[in-house]
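Chains, contacts and geometry: an overview
These are the residues of each chain, in order.
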Amino acid sequence: MVADCGANCARWFLCLANFVFIAVSTGVLIAGTWLAADKASFINLTINVTSSEINPANSSNGDAEKILKEFVEPAVIEQAAYILIALGAFLFIISFLGYCGAIKESRVLLTAYGIFLIIIFALQIALILLSTIYKSQAEHHSKGFLKTSLSKYYTTGTNKDAVTHSWDLVMAHMSCCGVDGFD
């Protein structure tokens, strides 16, 4: 009976961890379906929260609200909703496999759970390797994109859009100008 103590602790820890992930993935699914079903309430809630008096991000003379109004468009929210639904469903399925496999001590469910975790781990290693290998190319393309957006879409004067406000905020926080300094 004492020899089973470690196995029981591991089993219940796996149950607890997967139950937490089930709860989190359910929350992500609920948020995604809320965004997909009712974009208008999310937009109103976001604008009301950011325009409140106690919000620390509201100190830039309404710039944050202007940026938010342009970035909180129904198309962007719809894409974010579908991403949240897919991510929540994926996490829910994997966590449910682990939870049920640990509770029922099912070898098939735990094997499927383990295979999914190995696949996720392999994908993470591949992503790390690819980001290390292609770091210079990604940096070159990112700088090119930023320079293009700065030269094409940055406006001066009173007719400022979201891109201009975003660039102003980034340059103010970074205490710099442009992508490569003053170039």
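Heads up: the structure comes first, above all this text.
Let me begin by describing the structure that accompanies this report. (Residues numbered from 1 in each chain as written. Predicted model: local features only at pLDDT ≥ 70, side-chain atom pairs only at ≥ 80, totals over all residues. Heavy atoms only, no water.)

1. Quick notes on the overall build of the protein
- Assigned secondary structure in the protein consists of seven helices and zero strands.
- Mapped from its N terminus to its C terminus, the protein presents α and β elements in the order α-α-α-α-α-α-α.
- A buried classification covers 18% of the 183 residues belonging to the protein.
- Taken as a whole, the protein presents about 13000 Å² of accessible surface, with 70% of it coming from carbon and sulfur. (Helix = DSSP H or I, 4+ residues; strand = E, 2+ residues; numbered from the N terminus. Buried < 20%, exposed > 50% of the residue type's maximum accessible area, 1.4 Å probe, protein only. Areas by Shrake-Rupley, 256 points an atom, 1.4 Å probe, with all protein chains shown as cover.)

2. Structural notes on the packing of helix 6 (residues 135-153) against helix 7 (residues 162-174)
- Helix 7 packs onto helix 6 with a crossing angle of 120° between their chain directions and a minimal axis gap of 10 Å. In terms of axis orientation, helix 6 runs oblique to helix 7. Crossing handedness for the pair helix 6 and helix 7: left-handed. Here helix 6 contributes L146, S149, L150 and Y153 to the contact with helix 7, which in turn contributes V163, T164 and W167.
- When its residues are assigned to classes, the contact of helix 6 with helix 7 shows five nonpolar, two polar and no charged. (Axes fitted to C-alpha atoms, helices over the stretch in contact; angles between N-to-C directions. Parallel < 35°, antiparallel > 145°, perpendicular 65-115°, else oblique. Left-handed = near helix turned anticlockwise from the far one by under 90°. Contact = heavy atoms within 4.5 Å. Nonpolar A, V, L, I, M, F, W, Y, C, P; charged D, E, K, R; others polar.)

3. Brief notes about the packing of aromatic side chains
- If you walk through the whole model with that rule in mind, you get two aromatic pairs.
- Each ring, one from F19 and one from Y99, has its centre 6.1 Å from the other, and the planes form 45°; the classification is tilted. Taken as a pair, F19 in helix 1 (residues 5-37) and Y99 in helix 4 (residues 74-104) lie far apart in primary sequence, 80 residues in all.
- When its relative accessible area of 49% is taken as the criterion, F19 is described as partly exposed.
- With a centroid separation of 5.9 Å and 10° between ring planes, the pair formed by F92 and F96 is classed as stacked. With a gap of four residues between them, F92 and F96 both fall in helix 4, about one helical turn apart.
- F92 sits in the partly exposed class, given a relative accessible area of 29%.
- Relative accessible area serves as the criterion here: at 42%, F96 is assigned to the partly exposed category. (Phe/Tyr/Trp six-rings, centres within 6.5 Å; stacked < 30°, edge-to-face > 60°.)

4. Looking at the pattern of salt bridges
- What the rule picks out here adds up to two salt bridges.
- Between R11 and E105 there is a salt bridge; the shortest N-O distance is 3.1 Å. Here the residue R11 occupies a position in helix 1, and E105 occupies one in the loop between helix 4 and helix 5 (107-133), the gap between them amounting to 94 residues.
- Here K143 makes a salt bridge to E139, at a shortest N to O gap of 3.8 Å. Taken together, the residues span about one helical turn, with K143 and E139 both in helix 6 at a distance of four residues.
- Its relative accessible area of 42% is what places E139 among the partly exposed residues. (Salt bridge = Lys/Arg side-chain N within 4 Å of Asp/Glu carboxyl O.)

5. Regarding a nonpolar patch on the surface
- Together, F121, I125, L129, L130, I133 and Y134 make up a nonpolar patch on the protein surface, roughly 620 Å² of accessible area in all.
- Looking at where F121 falls in the secondary structure, it is placed in helix 5. (Patch = residues over 30% accessible without salt bridge, like charges linked within 9 Å, V, L, I, M, F, W, Y side chains within 5 Å.)

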